[in-house]
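This is what each chain is made of:
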Amino acid sequence: MAKGPKYPFREIEEKWQKFWEEDRTFRATEDPAFPKEKRAYVLDMFPYPSSQGIHIGHPEGYTATDIFCRYLRASGYNVLHPMGFDSFGLPAENYAIKTGTHPAATTAENIGYMRGQLKALGFSYDWDREVATSSPDYYRWTQWIFLRLFEKGLAYEDEAPINWCPSCKTGLANEEVAGGACDRCGTQVTRRRIRQWMLKITAYAERLLADLDLLDWPEPLKAMQRNWIGRSEGANLRFKVAGSSGAEIEVFTTRPDTLFGATYMVLSPEHPLVEKITTADRRQAVRAYVEAAARKSDLERTDLAKEKTGADTGARAINPATGAEIPVWIADYVLVSYGTGAIMAVPGHDERDREFARAYGLPIAQVVERDDGGAREEGALFAGDGRSINSGEFSGLPTAQAKERIVQWLEKKGAGSKAVNYRLRDWVFSRQRYWGEPIPVVHCPKCGIVALPDSALPLELPDVASYAPTGTGESPLAGIESWVKTACPRCGGRAARETNTMPQWAGSCWYYLRYLDPRNDRALAAPDKIDYWMPVDLYVGGSEHAVLHLLYARFWHKVLYDIGAVETKEPFQRLVNQGMILGEDGQKMSKSAGNGVNPSDVIAESGADALRVYEMFMGPLEASKPWMTAGLVGVSRFLERLWAIGGKAGGDCALPAEEEERLAKAMHRAIKKTSRDTASLDFNTAISAMMVYSAELAKLERAPERLWEPLLIMAAAYAPHLGEELWQMLGREGSVSRAPWPAFDEALTRDEEATIVAQVDGKVRDKFSAQPDTPAAELERRALALAGVQKWIEGREIAKVVSVPGKLVSIVTK
């Protein structure tokens, strides 16, 4: 561990943290004096309250937003910067199962520990607005939102095949499965049909896709959301099952032009028709295959490299284009959760279908050929657009036209229609666990599923003797008879409470709204406060939430928009993902690698300001970078230098005119660079600018206030404890965070003019003076107008002109 700075950082940090708390320095109010353009809502992705506390990656994003908020406040903005805790979830429940400690107790203890760590880092949060998603005062409104979803038909019950973790004994959304394993405990996930609550996020697929264009988000992250939603245009086609009484198999395809080449069909093993259409002689083999498929994750099943397996159902379907009877198989590479859970197989033009056909001796037909003049190798796979062949009256049509005409033809026959499909599936919303929000509905034998009235909220969690999941598909709540048995709110008869709970994502879907009005007991937030602050201007967090949390939060926000609870279409206008902090070995930090760094240890040894400044100095915010203890030492020296300057600063002592001019220019350049880079979140280069200027002031025997104060104010955004102490040492009253950000004089930021050499064909022909930052186009214009250059280019054709700002213009003739 690096040695700490040589100033009393421990005493200074404790002193100012106490001051900020007692003074409520960073408390935000809805002051109407600030116009809309001078309000900023800056949000961190809130943490899960782990017993280990924050890790070394947390302070990176949190410090970035804190510096930005301090800069905005000093620049005349009213800033909302809150913090809270995403406190429901599996870890606390798993700990309760092991120890018998109530999850609420461990969660409260962990929140206290983490809150202390965050305050020790000097973050300028408005702690009056703190929320915890597991508090009844909070989840009352999570339940309220669920009831609005239920009223709109967006929350429904279904028995669906889900990802099942045998260890956690609960269902998982697709997004919670990584590499075929539970992303919580690492256990291989299986499939199980179980009663679930679902949220109809698919009803918002088009809006979730289209409104990405409204957002200032990194393009790679937008692409991840677009891919997850997975919009594709095509057609729904219907194949009658031969010999059945009206049974049909519906498929979605993006290539209806290949229908004449569909030589067999494949259903997902979970498809509801499988049991109905399987012939008696195939039933045993089919059931065995269905059971085997249930033990695999979706990722395993769709792995392109794996050997294709399947089972013939014995049923036959009728191709609506050819009238031919084609076999119907089941195979685990077809998922019931995508499209219709069935495909028409075209082995002549799809690699996966061809592998399957070859494995089981199924026919292969060519119905599309290249139309670019390329030779067609007999039997070769062609999957692109081209020209239809062997397709009846549609033969000879280019792919786009064939698609259109075939769908029109099928529509007339009642066998197909145009369709848009999404990869996105409805959200599996319930969990068979205890530590989550109770779902506020009852099951009545007479009335069916009945919502609790809003006046009955919050529906609180009862105490239980055991937190262990049953493993039967029911949560521990199912065993509490006194809680489960209740009266139906509609008919007053006997009813049973819903015993599934909501997933951890529920509370994090809307927490940014509760920060606006956290003590309101009449609404999730008052409309005037929502209008004052929303949308979130800057949201900073890890890229691991690109699909999960962000997609779910956008969905809920759009529902709230539709019911008039919010006035903006999107919750988070700008998003920035901070990079990962790696170990000194360049690897991801982990216990097993032994390369972790504990932020509390760094604070104890070097101080919070050193940790803050170092994490910002490591490199660009969005890049991943390795922790280097030597770098922490360098930052500590910078803070020591500021301390030393503060010790000799004061008064308006005169300097020789030449030195005054030189230092004034250095100061204004530092203000310009630090201001612009702080505003653009380029904190590493802003720190560099302050380091360069501080080195100049350090050379003085006494630093005049006029040259020191602007640097002090800027540095205080980065190292706030030290900044407050230096501000007090300068004799200033109150907090430095209330001092206005320094302005710069553009004229004083310009360097002396440089001499620009003008070359023609490698030889110097003239010279002129220009500012070092003069644009290349302007340098070229001026060079070409010089008499010395004109003489050597007259009558010649210029091949190219190369400009090097601040140095030369090179002209090359033909």
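Here, the structure is the one placed above.
Not measured: the values here are computed from a predicted model. (Residues numbered from 1 in each chain as written. Predicted model: local features only at pLDDT ≥ 70, side-chain atom pairs only at ≥ 80, totals over all residues. Heavy atoms only, no water.)

### Overview of the overall build of the protein chain
Here comes step 1: Of regular secondary structure, the protein chain possesses 27 helices and 29 strands.
Here comes step 2: Along the longest, intermediate and shortest principal axes, the C-alpha atoms of the protein chain span 105 × 90 × 50 Å.
Here comes step 3: The buried share among the 814 residues of the protein chain stands at 54%.
Here comes step 4: Entry remark: accessible area of the protein chain is about 34,700 Å², with carbon and sulfur atoms responsible for 50%.
Here comes step 5: Averaging the locations of the 100 positively and 110 negatively charged side chains of the protein chain gives two centres separated by 2 Å. (Helix = DSSP H or I, 4+ residues; strand = E, 2+ residues; numbered from the N terminus. Buried < 20%, exposed > 50% of the residue type's maximum accessible area, 1.4 Å probe, protein only. Areas by Shrake-Rupley, 256 points an atom, 1.4 Å probe, with all protein chains shown as cover. Lys, Arg positive; Asp, Glu negative; His and termini not counted. Charge placed at Lys NZ, Arg CZ, Asp CG, Glu CD.)

### Structural notes on unusual backbone geometry
Here comes step 1: The linkage connecting Leu-457 with the following residue, Pro-458, adopts the cis geometry, with an omega of 0 degrees.
Here comes step 2: Its place among the elements puts Pro-458 in the loop between strand 19 (448–451) and helix 13 (481–484).
Here comes step 3: The omega torsion across Met-534 and Pro-535 is 0 degrees, close enough to zero to call that bond cis.
Here comes step 4: Assignment of secondary structure puts Pro-535 in the loop between helix 16 (527–533) and strand 22 (538–541).

### Description of the sheet that holds strand 17 (residues 427–428)
Here comes step 1: A sheet is described by the order of its strands in space; here four strands give the open sequence 4-3-7-17, paired in antiparallel fashion. Single-partner strands in this sheet number two, and they are strand 4 (170–172) and strand 17.
Here comes step 2: For strand 7 (residues 190–199) and strand 17, the ladder comprises two bridges, and the chain directions are antiparallel. In the sheet register, Leu-199 faces strand 17, and the bridge partner there is Trp-427. (Pairing = 2+ DSSP bridges.)

### Regarding empty space enclosed by the protein
Here comes step 1: A complete count under the given rule lists two cavities of 30 Å³ or more for this structure.
Here comes step 2: Reported here for the largest cavity is a volume of approximately 100 Å³.
Here comes step 3: For the largest cavity, the full set of lining residues is Trp-20, Arg-70, Ala-74, Ile-713, Ala-716, Ala-717, Pro-720, Glu-724, Val-736, Ser-737, Ala-739 and Trp-741.
Here comes step 4: At the level of secondary structure, the elements contributing two or more residues to the lining of the largest cavity comprise helix 2 (58–74), helix 23 (705–718) and helix 24 (720–729).
Here comes step 5: The element contributing the most residues to the lining of the largest cavity is helix 23, with three residues. (1 Å grid on protein atoms, 1.4 Å probe; cavity = no way out; pocket = protein on both sides within 12 Å on 5 of 7 lines; lining within 4 Å. Points joined across faces, edges and corners; volume = space filled by probe spheres on them.)

### Focus: the pairing of strand 21 (residues 494–497)
Here comes step 1: By the alternation rule, side chains of strand 21 split into Ala-495 and Arg-497, which are all buried, and Arg-494 and Ala-496, of which none is buried.
Here comes step 2: Pairing geometry for strand 18 (residues 441–444) and strand 21, over two bridges, is antiparallel. Following the sheet pairing, His-443 is matched in strand 21 by Ala-496.
Here comes step 3: Bridge count between strand 20 (residues 485–487) and strand 21: three bridges; the pairing is antiparallel. Within strand 21, the position partnered with Ala-487 by the bridge is Arg-494.
Here comes step 4: Connecting strand 20 to the next strand, strand 21, in antiparallel fashion are six residues, including Gly-492 with a positive phi near 80 degrees.

### Quick look at the nonpolar core
Here comes step 1: One finds Trp-556, Trp-627 and Trp-708 to be the most contacted residues of the largest nonpolar core, which totals 155 residues.
Here comes step 2: If one sorts the elements of this core by residue count, helix 23 sits on top with 10 residues.
Here comes step 3: Setting aside anything within four residues of it in sequence, one finds Trp-708 in contact with Leu-642, Ile-645, Gly-646, Ala-649, Leu-697, Ala-703, Leu-726 and Leu-730.
Here comes step 4: Core analysis: the next-biggest nonpolar cluster, separate from the first, contains 47 residues, Ala-235, Ile-277, Ile-330 and Val-334 among them. (Core = buried A, V, L, I, M, F, W, Y, C linked by side-chain atoms within 4.5 Å. Contact = heavy atoms within 4.5 Å.)

### With respect to the packing of helix 19 (residues 608–617) against helix 24
Here comes step 1: Here helix 19 crosses helix 24 at 120 degrees, and the two axes come no closer than 7 Å. By the angle class used here, helix 19 and helix 24 are oblique. In this structure, helix 19 uses Ala-608, Asp-609 and Arg-612 to contact helix 24, whose residues at the interface are Pro-720, His-721 and Leu-722.
Here comes step 2: A per-class count over the contact of helix 19 with helix 24 returns three nonpolar, one polar and two charged. (Axes fitted to C-alpha atoms, helices over the stretch in contact; angles between N-to-C directions. Parallel < 35°, antiparallel > 145°, perpendicular 65-115°, else oblique. Nonpolar A, V, L, I, M, F, W, Y, C, P; charged D, E, K, R; others polar.)

### As for the packing of aromatic side chains
Here comes step 1: A full pass over the atoms with the stated rule returns 37 aromatic pairs.
Here comes step 2: Plain terms: the ring middles of Phe-356 and Tyr-360 are 4.9 Å apart, the flat faces sit at 45 degrees to each other, and that makes the pair tilted. Placement of the pair is Phe-356 and Tyr-360 together in helix 11 (residues 351–360), with a separation of four residues, close to one helical turn.
Here comes step 3: Over the ring of Trp-228 we find Arg-423; its NZ or CZ atom is 4.3 Å from the centre of that ring. (Phe/Tyr/Trp six-rings, centres within 6.5 Å; stacked < 30°, edge-to-face > 60°. Lys NZ or Arg CZ within 6 Å of the ring centre and 35° of its normal.)

### A word on the pattern of salt bridges
Here comes step 1: Here the structure, examined in full by the defined rule, presents 51 salt bridges.
Here comes step 2: Of the charged contacts, one joins Asp-454 and Arg-148 as a salt bridge, the two residues approaching to 3.1 Å between their closest N and O atoms. Of this pair, Asp-454 sits in the loop between strand 19 and helix 13 while Arg-148 sits in helix 5 (residues 136–151); the two residues are 306 residues apart in sequence, bridging distant segments of the chain.
Here comes step 3: Take Asp-454: its relative accessible area is 33%, and that puts it in the partly exposed class.
Here comes step 4: Members of the salt-bridge network, linked through shared partners, are Asp-211, Arg-554, Lys-558 and Glu-570. (Salt bridge = Lys/Arg side-chain N within 4 Å of Asp/Glu carboxyl O.)

### Points about the pairing of strand 22
Here comes step 1: Neither face of strand 22 is left uncovered, since the one carrying Leu-538 and Val-540 and the one carrying Tyr-539 and Gly-541 both have all their residues buried.
Here comes step 2: Where strand 1 (residues 39–44) and strand 22 come together, three bridges link them in parallel fashion. When the sheet's bridge partners are listed, Asp-44 is paired in strand 22 with Val-540.
Here comes step 3: As defined by bridge partners, strand 22 adjoins strand 23 (residues 575–577) across three bridges and the pair is classed as parallel.

### Considerations on the packing of helix 2 against helix 19
Here comes step 1: Where helix 2 contacts helix 19, the two axes come as close as 9 Å, and the packing angle between them is 95 degrees. As summarised for this structure, helix 2 and helix 19 are arranged roughly perpendicular, according to the angle between their axes. Counted together, Pro-59, Glu-60, Thr-63, Ala-64, Asp-66, Ile-67 and Arg-70 of helix 2 and Arg-612, Glu-615 and Met-616 of helix 19 form the full contact between these two elements.
Here comes step 2: By residue class, the composition of the contact of helix 2 with helix 19 is four nonpolar, one polar and five charged.

### Structural notes on the state of the cysteines
Disulfide: a covalent bond connecting the sulfur atoms of a pair of cysteines.
Here comes step 1: Considering all chains together, one arrives at zero disulfides under this definition.
Here comes step 2: Cysteine Cys-168 is unpaired, with the sulfur of Cys-185 as its nearest cysteine sulfur at 3.8 Å.
Here comes step 3: For Cys-168, a relative accessible area of 3% corresponds to the buried category.
Here comes step 4: Note on Cys-447: no disulfide assigned, nearest cysteine sulfur contributed by Cys-491 at a separation of 3.7 Å.
Here comes step 5: Judged by its relative accessible area of 22%, Cys-447 falls in the partly exposed class. (Disulfide = S-S within 2.5 Å.)

### Regarding the sheet that holds strand 19
Here comes step 1: With respect to topology, four strands assemble into an open sheet ordered 19-18-21-20, the strand pairing being antiparallel. A strand with exactly one partner marks an edge of an open sheet, and here the two such strands are strand 19 and strand 20. Going across the sheet, the axis of each strand differs from the next one's by a mean of 45 degrees, ignoring polarity.

### A few points about the environment of Ala-666
Here comes step 1: The topology assignment puts Ala-666 in helix 21 (residues 657–679).
Here comes step 2: The class of Ala-666 is buried, set by a relative accessible area of 15%.
Here comes step 3: Taking C-alpha positions, Ala-666 is 8.8 Å from Val-692, a pair spaced 26 residues apart along the chain.

### Let's talk about helix 2
Here comes step 1: Across its 17 residues, helix 2 extends 25 Å between first and last C-alpha, which sits within 8% of the 24 Å expected from 1.5 Å per residue.
Here comes step 2: Within helix 2, 17 of the 17 residues are buried, leaving the element largely enclosed by the surrounding structure.
Here comes step 3: Downstream of helix 2 by one or two residues, Gly-76 has phi in the positive range, about 95 degrees. (Expected span 1.5 Å × (residues − 1).)

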